[in-house]
Amino acid sequence: MNDEELQHWREHTEALIAELVEDGTNEEVHHTIEHHFASTDFELLEKAAVTAFKMGFEVEEPEEAELESGEKVFAFDIITEQALDFDIIFDEAKTMYQLAKQCNVDYDGWGTYFEE
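Starting afresh in each chain, residues are numbered from 1 along the sequence in its written order. Only residues with pLDDT of at least 70 are given local features in this predicted model, and only at 80 or more are side-chain atom pairs given and counted; all residues enter the totals for whole chains, interfaces and linings. Remark: hydrogens and water are excluded; side-chain values derive from all non-hydrogen atoms of the structure.

- As annotated in an unreviewed UniProt entry, the protein carries the name Regulator of ribonuclease activity B and comes from Thalassomonas haliotis.
- If you open the UniProt record of the protein and go to Subcellular location (unreviewed entry), you find "Cytoplasm".
- On record in UniProt, under Sequence similarities (unreviewed entry), the comment for the protein is "Belongs to the RraB family." UniProt positions are given in the numbering used here, feature names are shortened, and annotations may be inferred rather than shown by experiment.

Some words on the environment of Tyr-113
Here's step 1: Checked against the element boundaries, Tyr-113 lands in the segment after strand S5 (106-111).
Here's step 2: Remark: the alpha-carbon pair of Tyr-113 and Ile-33, spanning 80 residues in sequence, is separated by 7.9 Å.
Here's step 3: Should any heavy atoms of two residues lie within 4.5 Å, those residues are considered in contact. Setting aside its immediate chain neighbours within four residues, Tyr-113 contacts Leu-20, Thr-25, His-31, Thr-32 and Glu-34. Helix and strand definitions follow DSSP, with helices as H or I runs of at least four residues and strands as E runs of at least two, each counted in order from the N terminus.

Topic: the UniProt feature "domain: Regulator of ribonuclease activity B" (unreviewed entry) in the protein
Here's step 1: Annotation from UniProt places "domain: Regulator of ribonuclease activity B" (unreviewed entry) at residues 11-112.
Here's step 2: Between the end C-alpha atoms of residues 11-112 there is a gap of 16 Å, over a span that is 42% helix and 31% strand.

Section: the pattern of salt bridges
Opposite charge on two side chains makes pairing possible when the charged atoms of those side chains draw close.
Here's step 1: Any Lys or Arg side-chain nitrogen located within 4 Å of an Asp or Glu carboxyl oxygen qualifies as a salt bridge. Summed over the entire model, instances satisfying the criterion amount to three salt bridges.
Here's step 2: With a closest N to O distance of 3.1 Å, Lys-72 and Glu-66 form a salt bridge.
Here's step 3: Buried means the residue's accessible area, taken with a 1.4 Å probe over protein chains only, is under 20% of the maximum for its type, while exposed means over 50%, and partly exposed covers the values in between. The partly exposed category is assigned to Lys-72, whose relative accessible area is 43%.
Here's step 4: The class of Glu-66 is exposed, set by a relative accessible area of 53%.
Here's step 5: For Asp-91, the salt bridge goes to Lys-94, with nearest N and O atoms at 3.4 Å. In this pair, Asp-91 and Lys-94 both sit in helix H3 (residues 86-103), three residues apart, roughly one turn of the helix.
Here's step 6: The exposure class of Asp-91 is partly exposed, given its relative accessible area of 42%.
Here's step 7: By relative accessible area, Lys-94 is classed as partly exposed at 25%.

Pasting the structure below:
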């Protein structure tokens, strides 16, 4: 992972956590983290999902989606449960990014939900 990509995911992670904390999410509970993967090539995406599953990750079923441009894309999420801790989530994001690179699919970042 080059420095520019690393910095992008670092900033993404810092901003998301800061927004959640600012909105009053419960920092004491684990959050469901969804790491997003996508590809226009279903076979590549499916191979990435199988690789992730073999690595022990909880993998959602791949789905077909349509981009704003009208282009078809296939996507799946890897689900984890984590404390809302920058180091833990950033390490996880780096792992997911490297998995995507290795499998020639796109890592589209992560998201989570507000927790009471």
